[in-house]
Amino acid sequence: MKAFRSFRLDPVNQCLWRGEQRVALTPKAFDVLRYLVEHPGRLVTQDEILEALWPETYVNPELIKKYILGIRKVLGDQQDKPVYIETLPKRGYQFIAPVTDHIAEVPQDPSSDYTSKMVGRAGPLGELQAAFKKALGGQRQVIFVAGEPGIGKTTLVDSFHRHVSRQGNVRTARGQCVEGFGGKEPYYPMLDALGHLTRSPNGGAIVQALAKRAPTWLIQFPSLVKPEQREALQREILGATRERMVREICEALESVSSEAPILLVFEDLHWVDPSTLDLISALARRREQAKFMVVCTYRPVDVILSNSKLKGLKQDLEVHNLCSEIALERLPEPAVAEYLATEFPNASLPPGLANLIYRHSDGNPLFMVAIVQDIIKKGLIANHKGEWTLTKPLEPMDPGVPQSLQQMLEVQFERLTAPEQRALEAGSVVGEHFSAWVVASVLEEEPDRIEDLCDGLAARQQVINAIGTQELPHALAAAHYDFRHSLYRQAIYRRIAPGKRARLHRAVAERLKTVGGPRQRQLASEIAFHFESGGEYEQAIRFLILAAENAAARFAYRDYIQVLQHALGLIHKIEAHLQAELEVQILEFIGDAHYALGAMAESAAAYESAASRAGQAGFKTAQVNALGCLVRPFGLIDPDRGIAAIGRAVEVTQSMQDPLLLARTQMLAASCRLLYDCWREQDAVLCASAHQQLKELGDTDIPPFHNMMYAYVQTFQGNYVEAFEIFERGIPKLNQTTSLMEHFFGLSGKTVTLLRVGRLGEVLQIVRHAKEMAEKNGNDPWLFNFREAWVRMLALDFEGSARVCDSILQMKTLYQVGQPQTIGRIARGYAAIAAGFTELDRGHYNRAIEFFNGVRHPSITPKFFLHWAWRMTAQLGMSEAWLQLKDMGKASVEADAFLHSALETADPHLQALAWEVQARIALSNEDWTRSKDCIHKALEIVRVFEVPIAAWQVHATAWRLYRCKQEHGAAESHRQAAEEYIFKIANSFAHGEPLREMFLSAGPVARILNPSGDIGHAADD
Ligand SMILES: Nc1ncnc2c1ncn2[C@@H]1O[C@H](COP(=O)(O)OP(=O)(O)OP(=O)(O)O)[C@@H](O)[C@H]1O
Ligand SMILES: [Mg+2]
């Protein structure tokens, strides 16, 4: 402790003493004085003070002048004749009084530092310490501390916290759950605790651990991410899930705890959000050794009232011996006596006093302390020459003590001045924490005045504590405060008349609303809460929608949906003409969230409600939009309903005068029919003309989904460059709830285009990367498994392809949440084709035919995305099989059907293959003319379009044909062309990629590459 003249600076209690008297000083003024006293006898500039005390915050330098003024006042220093602080004009300040180190104990102010005087909790404290010992041994600990309000949970945990902190090399952090809106903020207390940890002296290690092991958490702290890292981080966490987020933080904490043990305290879990419960559950259940301990406090009554899942979680953990609970009891009379003894050392107080306080407070510590404070304030106990004595006899004192804690707190409140009361009332409406800035604006007062008032209360340790200066949006820092106890806040809040309360809530909401930029979203649930409490439901709904986005950014889609459901529940309270618009919007968001979770049926149900609500209200644009959204989930579970929905959307747009919307909707509708139903020329024309129209109308903002569907259509017409470009552009959109699926859709479209143009190696790379990501996210990479199966099939690794498909079919959870049948269907399609070719390879043609038949028949394999292309591929397989069986009749039937269907599409790949198989059948029938005709048709196509997969096969057949005709020159040039295409495909693989070697050594390919080994097979292989 530093001493100067008659003063002593007490850093522990953050106060100044003159002799035995505590001198009131605001916390910030104290900090400034402390800095000067710790750097005496030299110039200290304003910048130095700002940098040392508020490094992260902009503080108006003028404020320092104000603090110095306040300090001078309490020290009794004069600026013109200073004995303590000298002002060096335009430079700064110098502390000029001699400073010494003072060792003697400071007498305790009876009203200070209650928590250091904990009584009657030796048992529970011992339990916590024993648990911590186990944690130090690597046995993770989760402890719940339960008890009624004011029973001393926080006091116990604080005391334990101090005990642990004294051991050094232990990281400790606290996370506070908040009442009102906190339950709508996923991971609120964990983010709070992490914020403390990252700002602590060894915070760098935490940031590193987050960067390495928990990117989904790092991104929640924008100030910790450098702008140039942001995009890479966004990509890294794309598609993350709740499971991943929980797992990552567990791993990060485990890794950090291997260097230094961690104590995490979660306070007031009765207000917790569901995501934090998941996290606590995971922390408790993981089996890895970890030196950490989680202590959670909660009030059982509030858990029951709020219907929180905490109870279930705790019971479950208890059954499995994964947690323990300390239930705090009321203090017994001897503990009250002990409290008095520590509070009033050297006192000669009558023994009846402890009994009286015990009877009144019923052993509730908060009440007990409040009574003692009350007695001191009333002067019933006084310090006379260092000895505490009763100033009145015990008996008459009794009736003066309020009967309940609530009354007690009210009495204390009533003793404050009117402006203090007003400030505290406003503060109690703001919440457990409040800033002088908000209170000032709600009361239409000067912030400085409120700050002084609150600082005064805090310095006298009445009702609130000062918790420091925090940055505010308008580049000004404001002092923040919290209530000494939540019951103080509640007591004050309950006194306010309902009408006034609502008005204050509205004023708080309006004030917070003026905060712009990204901060507004951070405050959204708080603002929504105040609007709701103030009866401004429309605004409440709008901010709930914004708050939901926070949940989405934390991959907490269930919470996202819950927040929106809450908003839906408020809809009937707003003006009728606004209801539909907001309801539709919310329902659509709910649909998006279900879609992102993979719950397609729920997603479709939400979009359907949105569409019908919009329809009823006559909001045609919104209706069209919702109907358009329906295509996405229905595309996976029931394509026909998707097509019907978008058809309905077209009808609606036709009754509107909105050419742009009409063109967009028509384009989407035509694309859907083409991709999900079958290829029709008129739809292809419609799609193209609608796209052209959008161009002419200058539509630069075509929705990504519409665009990507259009790009698919381009792929299946051989416009690969255009398609590729659209898909690429669609991929980097990362910032919305639905963007994940768009990204996914874009990526999957890109792979299909790459497959058509034979860039198999690139597809394989995308697939591998996506599978790695899926593993990190705990997702099932079903789509990418299909792509791999497809790549393998085109690279003639049919066994491998079938293996991949088998593994897909064996997956228990095909889709993250339900809808396995959807994917199963697609898988069966793929698997059957791959298996069919495998069987072909093995010569099991009849089995192959069975498989292909299954794909072809809608009754066995219902419609799915691009099902027609697969059905044609199956037809190709069938005719191949009959050809091998030398049943030319049946081979022809299938090949003709294939050609017929292929010619109805615009897909050059399928058409080239359809002509090619015709050429082979004709060749087998020794019908040279027809064979030549057919192969020329195929050659024309592969000349125009970049379809190397079809091209090498076409040239291979041409080679055979010309060899049969003994036209060796022409034959050789086709062989060379085939070889060129083959290498083009093979070279798209990375060097050393096994699939490349498999492709090059597969029978049909090897025959082309080593023609000399093939002599004699020209006509019959
Ligand atoms: N064991 C104790 N000995 C002395 N004083 C105590 C003790 N426990 C609590 N107190 C006093 O009671 C007050 C209320 O206690 P505390 O805040 O710890 O209660 P809590 O159980 O955390 O309440 P809540 O459920 O409202 O959070 C404390 O500020 C402290 O002054
Ligand atoms: Mg508490």
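As the structure is a prediction and not an experimental result, all values here were calculated from the model.

Turning our attention to the overall build of the chain. Within the chain, the regular secondary structure consists of 49 helices and 18 strands. In terms of its C-alpha atoms, the chain occupies a principal-axis envelope of roughly 125 × 65 × 60 Å. Intrachain contacts of the chain at a sequence separation of at least 6 include 66% that bridge at least 24 residues.

This paragraph deals with the pattern of salt bridges. Counted under the stated rule, the structure contains 60 salt bridges. Here aspartate 448 and lysine 66 are joined by a salt bridge, their closest N and O atoms 3.7 Å apart. Of this pair, aspartate 448 sits in helix H21 (residues 447-459) while lysine 66 sits in helix H3 (residues 61-75), and the two are 382 residues apart along the sequence. Judged by relative accessible area, aspartate 448 falls into the partly exposed class, the value being 36%.

Read across the open sheet, the 5 strands follow the order S10-S11-S12-S9-S13; overall the sheet is parallel. Looking along the sheet, the strands with just one partner apiece sit at the ends: strand S10 (171-176) and strand S13 (324-327). Each strand axis lies, on average, 15° off the axis of its neighbour in the sheet, ignoring direction. Relative to strand S12 (residues 292-298), strand S11 (residues 262-267) is paired through 5 bridges, and the arrangement is parallel. Paired with leucine 264 across the bridge in S12 is valine 294. Against the sheet, helix H10 (residues 242-259) contacts S10, S11 and S12, and its axis sits at roughly 135° relative to S11.

By nearness alone, 22 residues border ligand 1, and Lys153, Thr154, Thr155, Arg299 and His485 come closest of all. Glycine 152 places a polar main-chain atom, nitrogen or oxygen, 2.9 Å from an oxygen atom of ligand 1. With 4 residues, helix H16 (residues 365-377) is the single largest residue contributor to the shell around ligand 1. Here the residues of the shell around ligand 1 sort into 10 nonpolar, 6 polar and 6 charged.

Time to look at the sheet that holds strand S5 (residues 43-45). Spatially, 3 strands are ordered S5-S7-S6 in an open sheet, and the strand pairing comes out antiparallel. Of all strands in the sheet, those bounded by a partner on one side alone are S5 and strand S6 (85-88). Sheet twist, expressed as the mean angle between neighbouring strand axes with direction ignored, is 35°. Of the strand pairs in this sheet, S5 and strand S7 (residues 92-95) are connected by 3 bridges, and their pairing is antiparallel.

When you line up the elements, alanine 684 lands in helix H33 (residues 681-696). Overall, alanine 684 belongs to the buried group, its relative accessible area being 7%. Between the alpha carbons of alanine 684 and methionine 667 there is a distance of 9.3 Å; along the sequence they are 17 residues apart. Once residues within four sequence positions are removed from consideration, alanine 684 is found in contact with Leu674, Trp679 and Gln717.

With that settled, consider the pairing of S7. For S6 and S7, the ladder comprises 4 bridges, and the chain directions are antiparallel. Bridged to glutamate 86 within S7 is glutamine 94. What sits between S6 and S7 in their antiparallel hairpin is a turn of 3 residues, with lysine 90 showing a positive phi close to 65°.

A few words now on empty space enclosed by the protein. Summed over all chains, the structure comprises 3 cavities of 30 Å³ or more. Within this model, the second largest cavity holds a volume of roughly 50 Å³. If you trace the second largest cavity, you find it lined by Leu194, Ile206, Ala209, Leu210, Ile249, Ala252, Leu253, Val256 and Ile262. For the lining of the second largest cavity, the elements supplying multiple residues, two or more each, are helix H7 (203-213) and H10. In terms of residue count, the dominant contributor to the lining of the second largest cavity is H10 (4 residues). Broken down by class, the residue content of the lining of the second largest cavity amounts to 9 nonpolar, no polar and no charged.

A word on the packing of aromatic side chains. Per the stated rule, a full pass over the model turns up 21 aromatic pairs. Seen in terms of ring centroids, tyrosine 712 and phenylalanine 727 are 5.1 Å apart; in terms of plane orientation they differ by 75°. Their pairing is edge-to-face. Residue tyrosine 712 is located in helix H34 (residues 704-715), and its partner phenylalanine 727 is located in helix H35 (residues 720-730); the two are separated by 15 residues in the primary sequence. The residues tyrosine 712 and phenylalanine 727 share a single accessibility class, namely buried. By the ring-pair criterion, three or more aromatic residues cluster together here, those being Phe4, Phe7, Tyr84 and Phe95.

Moving on, we get to the confidence of the model for the chain. Mean pLDDT for the chain: 87, with 92% of residues reaching 70 or above. Low pLDDT, under 50, characterises residues 104-115; the predicted model gives this stretch 27 contacts beyond four residues in sequence or across chains. Contacts for the low-pLDDT stretch residues 813-825, under 50 throughout, to residues beyond four places or in other chains number 36 contacts.

Time to look at the packing of helix H46 (residues 948-964) against helix H47 (residues 968-986). At their nearest, the axes of H46 and H47 sit 8 Å apart, and the two run at 160° to each other. Taken as axis vectors, H46 and H47 run roughly antiparallel relative to one another. Handedness of the H46/H47 crossing: left-handed. From H46, Pro948, Ile949, Ala951, Trp952, His955, Ala956, Ala958, Trp959, Tyr962 and Arg963 reach across to H47, where they touch His968, Ala970, Ala971, Glu972, His974, Arg975, Ala977, Ala978, Tyr981, Ile982 and Ile985. Looking at side-chain class alone, the contact of H46 with H47 contains 15 nonpolar, 3 polar and 3 charged residues.

Glancing now at the pairing of strand S9 (residues 141-146). Of all 6 residues making up S9, 6 are buried, and the element is well covered by its neighbours. Burial along S9 is two-sided: Gln141, Ile143 and Val145 facing one way and Val142, Phe144 and Ala146 facing the other are all buried. Alignment of S9 against S13, held across 4 bridges, turns out to be parallel. Bridged to alanine 146 within S13 is alanine 327.

Turning our eyes to something else, we now look at the environment of leucine 630. Relative to the assigned elements, leucine 630 resides in helix H30 (residues 620-637). Between the alpha carbons of leucine 630 and glutamate 608 there is a distance of 7.0 Å; along the sequence they are 22 residues apart. Beyond its immediate stretch of four places on either side in the chain, leucine 630 contacts Ala604, Tyr607, Glu608 and Ala645.

Along the polypeptide, isoleucine 357 turns up in helix H15 (residues 352-361). Sequence separation of isoleucine 357 and valine 372 is 15 residues, and the distance between their C-alpha atoms is 7.9 Å.

Attention now goes to unusual backbone geometry. Despite not being glycine, leucine 866 has its phi angle at roughly 65°, a positive value. When you line up the elements, leucine 866 lands in the loop between helix H41 (845-856) and helix H42 (867-884). Positive phi, close to 55°, is recorded for glutamate 926, a residue that is not glycine. Checked against the element boundaries, glutamate 926 lands in the loop between helix H44 (908-924) and helix H45 (928-944).

Turning next to the nonpolar core. In this structure, Tyr712, Leu760, Phe898, Trp952 and Phe999 are the most contacted members of the largest nonpolar core, which totals 144 residues. In terms of nonpolar packing, the next biggest core, distinct from the first, is built from 93 residues, Val119, Ile527, Leu544 and Ala556 among them.

Time to look at H41. Compared with the 16 Å implied by 1.5 Å per residue over 12 residues, the 16 Å span of H41 between its first and last C-alpha is a close match. Considered for burial, the residues of H41 that qualify are Tyr845, Ala848, Ile849, Phe852, Gly854, Val855 and Arg856.

Tallying each qualifying case throughout the model produces 0 disulfides. There is no disulfide at cysteine 629, and the cysteine sulfur nearest it, in cysteine 672, is 12 Å away. Of the residues examined, cysteine 629 reaches a relative accessible area of 11% and is grouped as buried. Summary of cysteine pairing: cysteine 678 is not part of a disulfide, and the nearest cysteine sulfur, belonging to cysteine 672, is at 13 Å.

With that settled, the discussion passes to the packing of helix H19 (residues 418-430) against H21. The geometry of H19 relative to H21 is characterised by a closest axis approach of 10 Å and an angle of 95° between their N-to-C directions. Looking at the two axes, H19 sits roughly perpendicular to H21. Along the contact surface, H19 presents Pro419, Glu420, Ala423 and Leu424, while H21 presents Arg449, Ile450, Leu453 and Leu457. A breakdown of the residues in the contact of H19 with H21 according to their chemical character gives 6 nonpolar, no polar and 2 charged.

Quick look at helix H18 (residues 405-414) now. Because each turn of an α-helix spans 3.6 residues, side chains separated by three or four positions in sequence point in the same direction. Along H18, the positions that sit buried rather than exposed are Leu405, Met408, Leu409, Gln412 and Phe413. Down the axis of H18, the buried set is contained in an arc of 140°. They therefore lie on one face.

The rules behind the values
Residues numbered from 1 in each chain as written. Chains lettered and ligands numbered in written order. Predicted model: local features only at pLDDT ≥ 70, side-chain atom pairs only at ≥ 80, totals over all residues. Heavy atoms only, no water. Helix = DSSP H or I, 4+ residues; strand = E, 2+ residues; numbered from the N terminus. Contact = heavy atoms within 4.5 Å. Salt bridge = Lys/Arg side-chain N within 4 Å of Asp/Glu carboxyl O. Buried < 20%, exposed > 50% of the residue type's maximum accessible area, 1.4 Å probe, protein only. Pairing = 2+ DSSP bridges. Axes fitted to C-alpha atoms, helices over the stretch in contact; angles between N-to-C directions. Near = heavy atom within 4 Å. Polar contact = N/O pair within 3.5 Å; in protein donor to acceptor, adjacent residues only side chain to side chain. Nonpolar A, V, L, I, M, F, W, Y, C, P; charged D, E, K, R; others polar. 1 Å grid on protein atoms, 1.4 Å probe; cavity = no way out; pocket = protein on both sides within 12 Å on 5 of 7 lines; lining within 4 Å. Points joined across faces, edges and corners; volume = space filled by probe spheres on them. Phe/Tyr/Trp six-rings, centres within 6.5 Å; stacked < 30°, edge-to-face > 60°. pLDDT = per-residue confidence, 0-100. Parallel < 35°, antiparallel > 145°, perpendicular 65-115°, else oblique. Left-handed = near helix turned anticlockwise from the far one by under 90°. Core = buried A, V, L, I, M, F, W, Y, C linked by side-chain atoms within 4.5 Å. Expected span 1.5 Å × (residues − 1). Disulfide = S-S within 2.5 Å. Arc of directions from axis to C-beta.

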